[in-house]
Amino acid sequence: MGADNTHSFAPAIILFGSPGSGKGTQAKLLRHCLSGPHISTGDMLRTHIGERDEIGAQAERLIKAGKLVPDELVNQLVERRLKSRDCDSGVILDGYPRTRNQADVLLRMLPVHQLRPAVVHLVVDYDRIVARLSGRRQCPVCGTLYSLKTNPPKVAGICDLDGAKLVTREDDRESVIRERLHEYDVQTVPILNYFREAKVPVFEISGAGASPEQIMQRICGTLADSGLVDSGSTSGGAAATDAASETSFS
Ligand code: AMP
């Protein structure tokens, strides 16, 4: 990294936060102010599991236990993905990197693709996370997420968009959620300091106490204030109020 020409590079926004902090939801909403694809290693792994291929077979047991899959496997998935042309205008990384090794590999990969990293850390307390995730349901067909409490489907148990029967992800059971939070504390939290030491900008944003749209405005406003995205592409910015209730998340 370190080279001065990196300010002409497109942004690689690393969405950082515990499981259930709202990274997936924000990754989708951030299209309002960022271009480029949403790259979620969790979604990529679930696709492989659905396709019953070799990668899926390796990942499935670990995901069900709330454990991380091996670094080499996810590093390869991301490396391959970053080669696509649609990443030229920037990327939104969701759930990657999660270990020091992944962070290290990513920081070496990004400049090769003319991308420069910035971290958005979504901060949400763990009791709220457990409540959020254990009440979460997902459509197995289109991936839409619902919350039994704050964002239920119109017909109980059925996806509003395609009528499929909603499921609870195996790793959204409380014991597995606790294991995922433990993995996050031990393996992932320390890489925030690693990013700071590598002079990667880290923005702390509250991921609670507001609607997903308002949280998105906070993020876009912060990125615009830092010159990482066009200020013209955001509306309202950090002025988003905290008064609204949470409605959905992933
Ligand atoms: P997510 O949908 O991001 O919460 O990921 C679901 C699960 O996939 C995690 O609990 C891990 O088992 C696995 N996973 C996703 N991304 C990674 C990663 N970057 N490194 C290791 N395991 C991952």
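Residues numbered from 1 in each chain as written. Predicted model: local features only at pLDDT ≥ 70, side-chain atom pairs only at ≥ 80, totals over all residues.

## Focus on the packing of helix α4 (residues 71-82) against helix α5 (residues 100-112)
Where α4 meets α5, the closest approach of the two axes is 10 Å, and the angle between their N-to-C directions is 20°. The orientation of α4 relative to α5 falls into the category roughly parallel. Two packed elements cross with a definite hand, and for α4 against α5 that hand is right-handed. When α4 is examined against α5, the residues D71, V74, N75, E79 and L82 are found in contact with a partner set consisting of N101, Q102, V105 and M109. Across the contact of α4 with α5, the residue classes break down as 4 nonpolar, 3 polar and 2 charged. (Axes fitted to C-alpha atoms, helices over the stretch in contact; angles between N-to-C directions. Helix = DSSP H or I, 4+ residues; strand = E, 2+ residues; numbered from the N terminus. Parallel < 35°, antiparallel > 145°, perpendicular 65-115°, else oblique. Left-handed = near helix turned anticlockwise from the far one by under 90°. Contact = placed C-beta atoms within 7 Å. Nonpolar A, V, L, I, M, F, W, Y, C, P; charged D, E, K, R; others polar.)

## Comments concerning the sheet that holds strand β4 (residues 115-123)
Spatially, the 5 strands line up as an open sheet ordered β2-β3-β1-β4-β7, and their pairing is parallel. The open sheet terminates on both sides in strands that have one partner only, identified here as β2 (38-40) and β7 (202-206). The sheet shows a mean angle of 25° between the axes of neighbouring strands, direction not considered. Pairing of strand β1 (residues 10-16) with β4 involves 7 bridges; the strand directions are parallel. Following the sheet pairing, I13 is matched in β4 by A118. (Pairing = 2+ DSSP bridges.)

## Here we look at the confidence of the model for the chain
Scored by pLDDT, the chain comes out at a mean of 88, with 90% of its residues at no less than 70. Averaged pLDDT values over the elements of the chain bottom out at 87 in helix α6 (residues 126-134) and peak at 97 in α4. When the criterion is pLDDT under 50, residues 235-250 qualifies, and its contacts beyond four places in sequence or with other chains add up to 44 contacts. (pLDDT = per-residue confidence, 0-100.)

## Considering the packing of α6 against helix α7 (residues 174-188)
Running from amino to carboxyl end, α6 crosses α7 at an angle of 135°, the nearest separation of the two axes being 10 Å. In terms of orientation, α6 lies oblique with respect to α7. Where α6 crosses over α7, the handedness of that crossing is right-handed. Contacts between α6 and α7 involve Y126, I129, V130, L133 and S134 on the former and, on the latter, E174, I177 and L181. Considered class by class, the residues forming the contact of α6 with α7 number 6 nonpolar, 1 polar and 1 charged.

## With respect to the site of the ligand
Around the ligand sit 17 residues in total, of which T41, G42, L68, G95 and R98 are the nearest. Among the elements that take part in the shell around the ligand, helix α2 (residues 41-51) stands out by supplying 3 residues, more than any other. By residue class, the composition of the shell around the ligand is 8 nonpolar, 5 polar and 4 charged. (Near = placed C-beta within 6 Å.)

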